[in-house]
Amino acid sequence: MEFYQYVFETMRMIIVISAVMVQWFGGIACLKWIWKNWFIIVVIVTWNVIASLGWIWKSRFSYTFETPEQISEGNQELVDVVETPEPISEDHQELLDVVETPDPISEDHQEPVDVDASSSSAESPAPTWKHDVFLSFRGEDTRKSITFSLYNRLQKRRIKTFMDDPDLQRGDVISSALPTAIKESRFAIVVLSQNYASSTWCLEELRHICECMKGDNNRILPLFYNVDPTDVRRQKSSFGDALTKHENSRRHGEKVQQWRDALTKVANFAGWHSATFKNDEELLVQIVEEVCNKLRPTEPVLKVSLGDFEEFAATKEAIDKVMEALKDGEATTIGVYGMGGVGKTAMVKHVGVQAEEKKLFNKAIMAAVSQQPDLKKIQQEFAETLGLEFKGTTEIVRARELKEKIMRETGILIILDDIWQTIKFSDIGIPSHKELQTCNSKVLMTTRSFKVCHSMGSHAKIPLNTLSKGDSWRLFVREAGISSDKSSNFCDVASEVARECAGLPMALIAVARALRGEGLDGWKEAARQLKASQPPIPEDEGDVFKCIKLSYDYLKSNDSKSCFLLCCLFPEDYDIPIEYLFKYGMFQGSNLLRARERTHSVVKALKDSSLLLDGRYDGLVRMHDVIRDMAMRISLSEGPRFWVIKDGYEMKNWPNYAISIKHNSKLPKELVCPNLQILLLQARSLKEIPKYFFASQNELRVLDLSYNDISLLPQSISFLTNLRALYLDHCKNITDISVIGKLHKLEILKMKSNGLRELPREIGQLTNLRMLDVSVSESFFPKIFSRYRDGCISTIPSKVISKLHKLEELYMQYCGFWGWGSKIDGEGEETNIGFDELAGLSYLSILKVCISDANCIPKRVKVQPNWDYFDIKISSRQRDNMKLQSGHNCRTLSLDSTDTTIGTFPDWFVNAGVKNTERLRYEECKNLSNILVEYDRGKLHGLKFLSVIGRCDKLKELMDANHAITCVPDMPVFENLEELYLENLGDLKKLCVGELPPGSLRSLKLLEVSRCPNLGNVLLPSKLLQKLPNLGKLICETIGVEYVFGCEGFEPDQTNLREMELMDLDAVISICNGPAPRGMFQALKELVIDGCNFQGSLFTFDVAQCLFQLEDLYVSHCRVLERVIEARRETVNSKKTVLPKLKNLCLVYLPKLYEGSATIDFECPSLENLCLTGCPHLSFPCSASDFFHSRKQALFNDPLLGNRIPKLIEKQLQNSMRLCRGLEVIYAEP
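All values reported here derive from a predicted model rather than from experimental measurement. (Residues numbered from 1 in each chain as written. Predicted model: local features only at pLDDT ≥ 70, side-chain atom pairs only at ≥ 80, totals over all residues. Heavy atoms only, no water.)

(A) A look at the environment of I209. Among the structural elements, I209 can be located in helix 6 (residues 200-212). Once residues lying within four places of it in the same chain are set aside, the contact partners of I209 are F134, S136, I182, A188, V190 and I220. (Helix = DSSP H or I, 4+ residues; strand = E, 2+ residues; numbered from the N terminus. Contact = heavy atoms within 4.5 Å.)

(B) Layout of the pattern of salt bridges. Under the defined criterion, the tally for this structure stands at 34 salt bridges. Measuring nitrogen to oxygen at the nearest pair gives 2.9 Å for the salt bridge that ties E384 to R616. One end of the pair, E384, is in helix 13 (residues 375-386); the other, R616, is in the loop between strand 14 (613-614) and strand 15 (620-622), and 232 residues separate them in sequence. Classification of E384 as partly exposed rests on a relative accessible area of 44%. On the basis of relative accessibility, which here comes to 47%, the residue R616 falls in the partly exposed class. E918 is paired through a salt bridge with R891; the nearest N and O atoms lie 3.1 Å apart. One end of the pair, E918, is in the loop between helix 29 (907-912) and strand 27 (919-923); the other, R891, is in strand 26 (residues 891-896), and 27 residues separate them in sequence. Judged by its relative accessible area of 21%, E918 falls in the partly exposed class. The network of salt bridges with shared partners includes R724, E747, R770 and E808. (Salt bridge = Lys/Arg side-chain N within 4 Å of Asp/Glu carboxyl O. Buried < 20%, exposed > 50% of the residue type's maximum accessible area, 1.4 Å probe, protein only.)

(C) Up close: the nonpolar core. Within the largest apolar cluster, 167 residues are counted, with the highest numbers of intra-cluster contacts made by L679, I801, F905, F974, L1019, F1045 and F1081. Residue contacts for F1081: discarding those within four places in its chain leaves F1045, L1057, M1060, I1071, C1072, A1076, F1099, V1103, C1106 and L1107. Membership of the second largest hydrophobic core comes to 47 residues, among which are M506, L592, L611 and A658. (Core = buried A, V, L, I, M, F, W, Y, C linked by side-chain atoms within 4.5 Å.)

(D) Summary view of the sheet that holds strand 13 (residues 576-577). A sheet is described by the order of its strands in space; here three strands give the open sequence 13-15-14, paired in antiparallel fashion. In the strand order of this sheet, the two ends are held by strand 13 and strand 14, each with one partner. The pairing of strand 14 with strand 15 spans two bridges and is antiparallel. What sits directly across from L613, in strand 15, is R622. (Pairing = 2+ DSSP bridges.)

(E) How the structure looks around the packing of helix 23 (residues 558-566) against helix 25 (residues 592-608). Across the interface, helix 23 lies against helix 25 with an axial gap of 10 Å and an inter-helix angle of 75°. One element, helix 23, and the other, helix 25, form an angle in the roughly perpendicular class. Counting all contacts with helix 23, which are made through D559, S560, C563 and F564, the residues of helix 25 involved are R598, V602, V603 and L606. Classifying every residue of the contact of helix 23 with helix 25 gives five nonpolar, one polar and two charged. (Axes fitted to C-alpha atoms, helices over the stretch in contact; angles between N-to-C directions. Parallel < 35°, antiparallel > 145°, perpendicular 65-115°, else oblique. Nonpolar A, V, L, I, M, F, W, Y, C, P; charged D, E, K, R; others polar.)

(F) A look at the sheet that holds strand 11 (residues 442-447). Read across the open sheet, the five strands follow the order 9-10-11-8-12; overall the sheet is parallel. Whereas interior strands pair on both sides, the edge strands pair on one side only; in this sheet they are strand 9 (363-370) and strand 12 (460-463). Each strand of the sheet is rotated relative to its neighbour by a mean of 20°, with strand direction disregarded. Of the pairings in the sheet, the one linking strand 8 (residues 333-337) to strand 12 comprises four bridges and is parallel in character. Bridge pairing links V336 to I462 in strand 12. Sheet strands in contact with helix 12 (residues 344-357) are strand 8, strand 9, strand 10 (412-419) and strand 11, and its direction is about 165° off that of strand 9.

(G) How the structure looks around the packing of aromatic side chains. Per the counting criterion, the structure on display carries 19 aromatic pairs. Where Y580 meets Y584, the ring centres are 6.0 Å apart and the plane angle is 55°; that geometry is what we call tilted. Residue Y580 and its partner Y584 are both found in helix 24 (residues 578-586); the two are separated by four residues, about one turn of the helix. Summarising the aromatic geometry, the rings of F905 and F909 are spaced 5.0 Å apart at their centres and angled 55° between planes, so their arrangement reads as tilted. You'll find F905 and F909 in the same group, each marked buried. An aromatic cluster is built from F570, Y574, Y580, Y584 and Y727, whose rings are joined through pairwise contacts. Over the ring of Y552 we find K561, and its NZ or CZ is 5.5 Å from the ring centre. (Phe/Tyr/Trp six-rings, centres within 6.5 Å; stacked < 30°, edge-to-face > 60°. Lys NZ or Arg CZ within 6 Å of the ring centre and 35° of its normal.)

Below, the structure written as structure tokens:
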């Protein structure tokens, strides 16, 4: 209510009370009572006046709330009055009389809450941070995407983040709760999205953030998510529209200008722009790392190369002892021993990182030894880390080369993980004790046995103990997602479960994640199972077994359990392709695409449960050796079901489900295991299989004979009447597989890269076949062409594949077959398969094939194909070394050495394939004249990758907008294109002629132009450059341009260019054809320039002041380059430019650099590595670190620099022989 109403009600109450008193006691008695108690009355009145004034002060800042749709979902819980109130008791119902029910407020007349209400309270001199980060965001834009992911990642890194804080219960006073949350946060991350400014709540929240943190602007961290910082700074686009709407509503008064000021202020702060990152994953990693770095002085986060590492009391004690031993000059071999699953591997990885960071060693290298040591694999892992390429093939020769490398490099920490028995260092290539001392290197090894430490001659033997009760409980609570403030019964049961894990981190994590989300009954049952478990294994491993067994039992599906046990069939420390898990059993039951998706989903669930680990590359997974041992024992306790037969194993009591036989020299005459379902005999170099080997295996479902030397399949394979999958990949000697025609239930037949010349007609009898693969892998190409002039499979009879009516996936790429529809030699009028047979396969969802001519494609088809994924190559060349597309989910079309263009394709083919193409490749296409015509005819709206390579004689302008005939002229073209490659186009003169429609090329992130000598004087004129707002990487090599960028009329606040490589530009004069805008290179991180004739300087003084993000600068063989940054009066007066993030600087063979000038005029406070050679006018009067004012000890022409500089520079070393020769000189210098 208003103030006058409040006064009126107060006066009315006083009058009523006075009248009652007069009526009851009489007038004279009342006056006497007042005279007698005048002091009490004065106190009451004074208190009432003070309360009224306080109410007035508070009311002048009162809020009128927005509707829930307008309020940021991120802080929805802060809004108490817009939610349905809780029922009010009758005793307090009368309190509602003083609260007026407001009239409904229309959406156009909403006002924000003024959060200054509590700002008048005195701030404490030393603020106490309750939150590390306050997240401000527009819920409907980002809550379910970037903000949710960011919140989870920050929480996992122990960063306390405010978002929908449960402590702010509904009913709290919003005017005090929200400012308190902001004031108690060290940093604020403001996620500025498209509709951020449309919410007055978000704007008011932002205004208060700026007000609370105005003393230290570094606390405000903006994230420009799918918005341009310029639009925020200048209030354009959606931000301008929203603020204009707020102004027009006339409800907010001066608030609108305050919001504008806050947006402008925040947009000028250093933050993150999503467009400068390849994807959200990369963006999230960068944000979390930077926030961690800002918090590190008070909250350290230890990291290792493969994830987070948490230092518990037991691990800290062991780490301290290891670090002490590493500093001991007499100790060269240190052994760490402890139970399986206690965390030895993670600990020594962390030690390796710490040893490098503290400069105890120049490099740490690591390899897993495992139960069955593979010396070549160990040697290869070390060699890859050291940048060593073996010349020899035998273990002895490779050991000698590795030893020489270690001795030459010096300062190497060699980590040998998971040693089970004594091995000789010399067999691997590790120097002896005295030699290790000479080269200042050491060996750190892990094992489960103290005896192994002793037998290996460890100078220090350090135990890694299990976790303490307190550490175990903290780890368990975190991984289980429970809180210690739950009911005592729940805590008691959880403590009981944690106690059964015996302090083993692996067991704690596995059990905690298995029980996450379970109720009290589930926890009680888990505790009962753990107590009752009697594992048939050694006592010291029993705790691990029962914990892993519980995690296994709690897997939600049988698919997950089968997939977990299936991983036992692979060797220890093996990187398991997820596709193998699919093909060995997960394919059954549904169509193959859904089965493959289900396999990936199951693998993700197993990784989330810590039962599987990520492999070295995408698409691979690993199983920890302890988990694998336990899985084998789980299998044994259930049957057994899965087993691996090793060398010399006597085959008795075989399992009843799956066997993997490894390297046995001879198979038995007959395999008697009637219930066996999976048999893996791959990679055994078998020359023949006994005649009756499969006679008793009628339940077998999966058989893998890949990588063997067999020439025939035994007749007994016909007894495998229930076989669903047969793999004959890389059986290079096989010539006859006709017997498979009797396997009528077969669903998958893979014969990749084998020696067949003709596809057997008997395959047509496999009417249940769903996958057929006769393709050739890239690694097998040279072997094929050395053996057969025209390829491998030269004959595929017609009416064979067309009988496979259930076929879903067909792989025929690079198999050597080119005779589509041609007659078969010696078979009369019989012809090879025609492409129309493939088009008639109604269930076909994946097609990968090569055809020689577009004329092979029929003009019409009876049924329109429905290809989900495809890789179709049309080429007149029957030999091709094109790199194969990886994975199954690609949509690729390639036109190579042909007159064919998209305009010649029939309509059905355009609709079935071309319009869905994501990767399009042209090579030596004679009739290609305008890529815009191809875009229009092929409806290439979803195209992401485009490459044009080789002689295309008619292609003068890549995109000619003046002569392109488009269906909708004003619609954008190539709007989803992300990567564009142009190579060896001798006739190309311009990239674009005419004006492209707005929005064209807006998604382009990478542009690579090489060996196009006749391009005009500017590669990217300003009109074209303005069309590329998201260009992040530019590569130019051997092109005839004088300028890379045209800048006339182009004034961006900031571009997204992060990487630029300019090589062999003989005609180039400068990077820009005029003064470059200051924001042109603000996002640039990596710059490589080699063999270019830049005149004067690379950067103007103004541009150099904006190179905030530059980390790698590599300049070589620029004969006339005089300076890196142009000279100005400021530089003459010794005011140097600062490149704050530059880590790696290489200046190679620059004969005129700083000729006649004093010295380099820029500072690099983050410099780590410096390469300098062939620059006669450069010299340093002091160390490189001092000269460049680096906070770190910069390495100057260090022998190990070749292994330390980024992969970007390593790639240049490989691609440029001249550059390689130059760098050999660098490394040779003392």
